[in-house]
Each structure stands twice: as structure tokens, then as C-alpha cells.
Amino acid sequence: MPYTIPIGPYHPALEEPYKLSVSCIGETVQSVRLDIGFSFRAIELLAQRRNYIQDIILVERVCGICSHVHTLTFCTAAEEIAGIRVPDRARYIRAIIAELERLHSHLLWAGIGAEDMGFQTLFMEVFAVREKVMDLLEAISGNRVHYEMNCIGGVNRDITDPEAILAGVKQMRAGIERDIVPSFMKSDTTRARIAGVGILTREQALQWGVVGPVARASGVATDVRSDHPYAAYEELGFKIVTRTEGDVRARIMVRAMEMLESIRLIEKALRELPNGSLRAFEGVPTIPVGESTARSEAPRGEIFYYLCSDGSDTPTRVKIRTPSFVNLPALEAMSVGQQLADMPLIQASIDPCMSCTDR
Amino acid sequence: MNEPNENALAVRLAEIPGAALLEAHGHGLWMTAPHIDVQHMARTMVSLGCRLSTMSGTARENGETEVIYHYSLGRTSLNIRTHTHGGTLPSISALERSASWIEREIHDLYAVTFVGHPNLERLIRPPQLEEGFCREPGGAGAKEAKA
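Residues numbered from 1 in each chain as written. Chains lettered and ligands numbered in written order. Predicted model: local features only at pLDDT ≥ 70, side-chain atom pairs only at ≥ 80, totals over all residues.

Looking at the overall build of chain A
Short version of the rule: Numbering goes from the N terminus for both helices and strands, where a helix is a DSSP run of H or I of at least four residues and a strand is a run of E of at least two. Put simply, the radius of gyration uses C-alpha atoms, and a globule should come to 2.2 Å times the residue count raised to 0.38. Three exposure classes are used. Buried residues have 20 or more other C-beta atoms within 10 Å of their own C-beta, exposed residues have 12 or fewer, and partly exposed residues fall in between, all C-beta atoms being placed from the backbone. By the criterion used throughout, residues are in contact when their C-beta atoms, derived from the backbone, lie within 7 Å.
Helix and strand counts for chain A come out as 16 helices and eight strands. Taken over the C-alpha trace, chain A has a radius of gyration of 20 Å; the compact-globule value for 359 residues is 21 Å, and the two agree within 12%. Judged by the C-alpha coordinates and their principal axes, chain A covers about 65 × 45 × 30 Å. Classification of the 359 residues of chain A by burial places 53% in the buried group. Sequence-distant contacts, at least 24 apart, represent 70% of the contacts inside chain A between residues at least 6 apart.

Now the structure itself:
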């Protein structure tokens, strides 16, 4: 006779509130039901009551981790309607911040993953490196979380001393290469705990429409940076990271290797940072009648915005689809047949963000 | 993934009952087809290897809801716009697993009934609010309402 274990909405195993109702026979999971909406703020509705400048501030607050990619995607959608060409220097700066943000997100996740595995020393190592990323973001933007770098037509702040940022990135690279990547890729402790756990096959990944590291860990080679290049990714020559195992370990390995690719992209962008202006124009933008969609690769996968303008200073519709919104339902497929004790780890392996999901 | 060219794609999409002309603007292809058979459309999209990114709902003044199905196929973005008839649209969640939550969210925010959805219950709507609480004008209309 199956029994149901409720996990959440407020539970030590979950970083943010949502509810898993896990149906089991013995210790084996038979099915999982998800309930979300505990962080709902009606941001899409608020966005169609505010002007474009206010909306940049608003959409930055969809998420505390990937705030930059939200404003970047919103601004890209508005720029497409208005036919605004963003200056090269601004495109490079957007990519640099986006990759620092990815490092921040992947490191935060790696720390939580290490803790969920019971690997406390690795958690400490990861968070020491994460602190360096936060320092770099603060050095560039003045903020540790909401960087406020993007405006419609460019960026608000310059990177005035690329060499100083490069020196910080070099320190970070050393920590990631020496401690973090080997711990996740080669450690027997890690392998024993997570290999073969929470498998999502390639067919299931396609069926559930998952995105980002979750899709790439199941062998689906999709990444907006190569599928629909934006910012400076065309010039920077992005290399996609995939695995085929589809388990928790593969999701960890994809993120670990992506950290190294992010560092390569940041270093290249800083070395090749073009001269020129930061904004296509000064003053308040005018967005004509029109509509557009924009996609970016957030740390957790594809983020999608649909923007519709009636020519006034307030959009008629701002639709936001975040990666966690499509990745979370696939938890049902990953969990069937798994051990109940592995559920905290399996759910953490998709790096769910409820602020993004609920908006 | 083998990406069909735009002409081949247009031919396949034109075969869908109720389909209209495909237009290119911005970085994507757009179709406005008020009477498109959305379940036939979903089957065609699955067979082409398209991924459903999401669906956007927007309230119309006449009480209906505009729904745009946003698909992605490699570097191609496809956006197919239709609208509800009597507040309903056929569900595509049996054909596209990822549509299930999307349809439940649009049901919460715009009170659209997706006929055939196996579980059209509350997803993100706070329980104290009615279905369709996002049905208000945006843009200049929002400013007029505020004034």
C-alpha cells in the first residue's frame, strides 16, 4: 500500500518554498506531485502597469541569483522592437556580467549540492571561491546581487580596469581547477553518492522540454548562447558542454565544466573589450508599436521574454518564462523508482529557483 | 538536430487546418491564425522536433484571450498566435508534456479553460484570488485605468 511523504513547502531540504508529495512503497518512490506558487508576486501584471525604466528595476527582482539575465533579456526584447543597435563595448560587458553571474549561480548550487551530499569540507571550499565572484561583481557594479548594469540601448557602468578583474578571475580559476572540478569530477566519495541517481534519459528530456544544464546532462545539446547568440557570444566562440548519463552526477559535471568555460569567456571578453560608448543613445528610450521575443541562457537554462508595446511608455504585456518553470515538472520523471532518501539530492540537482518559477 | 529551411517549415505549417501565412519579423517567424487547430499544430511541431518554449496569454477587451504559442527549432523562433473562443481552447498537454503547467498558469491568470487538460487545477494563483485576476489592460490602457 503506497504512503505519501510531504516535503515542504518549508523544509530544511529545500532552499526555497515548494511542496513535494512523494508517494512510496517501502523506500522506493512511486510518483511525485509538485505544488508551487508560494513566492508568487504577480510580476508580469506589475510590469504592464509600470514604464520601461521602472520595469528594468522590477524584472531584476524576479530572481536574486540571475538578476542580470532578466534585465538583459527584457532590454534585448525592447531593443529589438525599437531597432536599437547596442554598442560593441556594452555587448561585451553584458556577456562578462552574465558569465560572472553564471559562476555565482553554479558555485552557489555546487555548495548546496556538496552539503546535500554530506560533503561539508567541499561546501566550505566552494563558498570561499563564490565569495571571490561576489567581490568581482561588487567591484564592477557596486552591488553583490542586483547589479543594475543593463539599460535599454546598452549598460549603465563601464569596466574601467579590466586588468584588475582579470587578476581576480585568475585567482578564481585556480580555486575552481584545483579544488572544485576534481572534487566533483574525480572524487570517489562524490561518485559513490550520486552516480546513477535521478536519471532523466535524453528521450525524457526532450519530452519534458527541459533546458540548461539539466538538458545538457541528458545529452541534449541546447544552449541559447549557441542556438540564438546574443550579447558578444558570437564573437567569443562559445563551447557547449554536454554529458550523456542524465543522472545527478552528470548535472554536476556539466555545471563544473561550464564554470571553466565561463572563466574562458570572461578572460577573452576582458582581453578583447572593444573601445567605444556604453549606450546607443542618451536619455529615455521610445519603444514604438510592436512585439518581440528574446531568449538568453540563464545559469539554469533558457529564459524567455515576450514583450508587446502600444507605443506608450508602458508595455502592454511582459511575459516571462524562466528555466525552472520547465525543469521542475521533470522531477516527476527523475524520481520514479528512486530511494526516498535521495529526493533532497535529486530535487537539488535541477537547481530549482522558486523566485523565478513563481515570479 | 536537422533544421528544415524556412520554406520547408512553411509548407508543413500550411498543412495545419486553420493555418495562415507565416511572416518573418525580428528574429522570428510569426503566424496569426484565429481558427488554427492547435492540437494538429502541436502534433506537427512535435514531428518537426520543435520545443515549446512557452505560451503567452493576453486579455482582450471582448472577454476573449489571445494566446501565442512560442516554439524554438535550432536557431528559428516560431510564434503562432490564436485566441480563445468562448473562453476556451483545446489543451495540447497530452501532446506536449511541458504545456501542462503553462496551460494551468494561463487558466489561473486569464481564466482560460483548456478543454481536455487532465488536471486544470490552481498552479500559482494565491487561493484568495479569483481565476483571471490578471485580466486588465496594459500599456496606455493601464495608465488610463490608474488615472
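Here the narrative resumes.
Some points on helix 4 (residues 88-117) of chain A
Defined as follows: Multiplying one less than the number of residues by 1.5 Å gives the expected span of a helix.
Between its terminal C-alpha atoms helix 4 of chain A stretches 43 Å, which fits the 44 Å expected from 30 residues at 1.5 Å a residue. Remark: glycine 118 of chain A follows helix 4 of chain A within two positions and exhibits a positive phi of approximately 85 degrees.

Here's the deal with the nonpolar core
All names here are of chain A. Defined as follows: Only buried Ala, Val, Leu, Ile, Met, Phe, Trp, Tyr and Cys residues enter a nonpolar core, and they are joined through C-beta atoms within 7 Å.
With 143 residues, the main nonpolar core has Ala78, Ala95, Ile96 and Tyr305 as its most contacted residues. Per-element tally for this core: the top contributor is helix 4, with 14 residues. Discounting residues that sit within four places of it in the chain, isoleucine 96 has contacts with Ile159, Ile266, Ala269 and Leu270.

A closer look at the environment of arginine 89 of chain A
Residue and element names in this part refer to chain A. Structurally, the position occupied by arginine 89 is in helix 4. A C-alpha to C-alpha distance of 6.0 Å links arginine 89 and asparagine 275, two positions 186 residues apart in sequence. Residues in contact with arginine 89, not counting those within four places in the same chain, are Leu273, Pro274, Asn275, Gly276, Ser277 and Leu278.

Let's talk about the interface of chain B and chain A
Put simply, the test is: For this classification, Asp, Glu, Lys and Arg are treated as charged, while Ala, Val, Leu, Ile, Met, Phe, Trp, Tyr, Cys and Pro are nonpolar and the rest, including Gly, are polar.
Facing the 29 residues of chain B at the interface are 29 residues of chain A. Elements with a contribution of two residues or more to the side of chain B that touches chain A: strand 3 (51-59), strand 4 (65-73), strand 5 (76-83), helix 3 (99-110) and helix 4 (139-146) of chain B. Among the elements that line the side of chain B that touches chain A, the one with the most residues is strand 3 of chain B, at six residues. Looking at the side of chain B that touches chain A residue by residue, the classes come out as nine nonpolar, 15 polar and five charged.

Section: the confidence of the model for chain B
All names here are of chain B. To keep it simple, the criterion reads: How sure the predictor is of each residue is captured by pLDDT, a score from 0 to 100.
Considering every residue of chain B, the mean pLDDT works out to 90; 95% of them sit at 70 or more. Within chain B, the lowest mean pLDDT, 78, falls on helix 4, and the highest, 97, falls on strand 6 (residues 88-90). Two numbers describe this predicted complex: its pTM, 0.92, and its ipTM, 0.92.

A closer look at the pairing of strand 2 (residues 19-25) of chain A
Residue and element names in this part refer to chain A. As a reminder of what qualifies: For two strands to be treated as a pair, DSSP must find at least two bridges joining them.
Relative to strand 2, strand 1 (residues 3-7) runs antiparallel, the two being bridged by five bridges. Following the sheet pairing, isoleucine 5 is matched in strand 2 by valine 22. The sheet contact formed by strand 2 and strand 3 (residues 28-35) spans seven bridges and is antiparallel. Note that in strand 3 the partner of lysine 19 across the bridge is aspartate 35. Turn length for the strand 2-strand 3 hairpin, with the two strands adjacent in sequence and antiparallel, is two residues, and the turn residue glycine 26 shows positive phi of about 65 degrees.

Things to note about the sheet that holds strand 2 of chain A
Residues and elements named next belong to chain A. As a reminder, the rule being used: Convention adopted: a line fitted to C-alpha atoms gives each axis, helices being fitted over their contacting stretch, and angles between N-to-C directions are expressed from 0 to 180 degrees.
Within the open sheet, the three strands sit side by side as 1-2-3. Their pairing is antiparallel. Each edge of the sheet is formed by a strand with only one pairing partner; in this case those strands are strand 1 and strand 3. For this sheet, the mean angle separating the axes of adjacent strands, direction not counted, is 25 degrees.

Thoughts on the packing of helix 2 (residues 52-60) of chain A against helix 3 (residues 67-82) of chain A
Residue and element names in this part refer to chain A. What counts is decided by this rule: Roughly parallel means an angle under 35 degrees; roughly antiparallel means over 145; roughly perpendicular covers 65 to 115; every other angle is labelled oblique. Each crossing gets its handedness from the near helix: less than a right angle anticlockwise from the far helix is left-handed, clockwise is right-handed.
Running from amino to carboxyl end, helix 2 crosses helix 3 at an angle of 150 degrees, the nearest separation of the two axes being 8 Å. Judged on the interaxial angle alone, helix 3 and helix 2 are roughly antiparallel. In terms of crossing hand, the pair formed by helix 2 and helix 3 is right-handed. In this structure, helix 2 uses Tyr52, Asp55, Ile56, Val59 and Glu60 to contact helix 3, whose residues at the interface are Ser67, His70, Thr71, Phe74, Cys75 and Ala78. A class-by-class count of the residues in the contact of helix 2 with helix 3 yields six nonpolar, three polar and two charged.

Section: unusual backbone geometry
Negative phi is the rule for most residues except glycine; trans is the rule for most peptide bonds. Residue glycine 8 of chain A is joined to proline 9 of chain A through a cis peptide bond whose omega torsion reads 10 degrees. At alanine 42 of chain A, a residue that is not glycine, the phi angle is positive and equals roughly 55 degrees. Note on placement: alanine 42 of chain A falls in the loop between strand 3 and helix 1 (43-47). Look at alanine 111 of chain B: it is not a glycine, yet its phi comes out positive at around 60 degrees. A tally of 19 C-beta atoms within 10 Å means that alanine 111 of chain B is categorised as partly exposed.

A few points about the sheet that holds strand 7 (residues 301-310) of chain A
All names here are of chain A. Judged by pairing direction, the sheet is antiparallel, and its three strands sit side by side in the order 6-7-8 without closing on themselves. In the strand order of this sheet, the two ends are held by strand 6 (289-298) and strand 8 (317-321), each with one partner. Sheet twist, expressed as the average angle between the axes of neighbouring strands with direction ignored, equals 10 degrees. In this sheet, strand 7 lies alongside strand 6 in antiparallel orientation, the contact comprising ten bridges. For arginine 295, the partnering residue across the bridge sits in strand 7 and is phenylalanine 304.

Here's the deal with the environment of glutamate 80 of chain A
Within the element layout of this structure, glutamate 80 of chain A appears in helix 3. Along the sequence, glutamate 80 of chain A and serine 292 of chain A sit 212 residues apart, while their C-alpha atoms lie 6.6 Å from each other.

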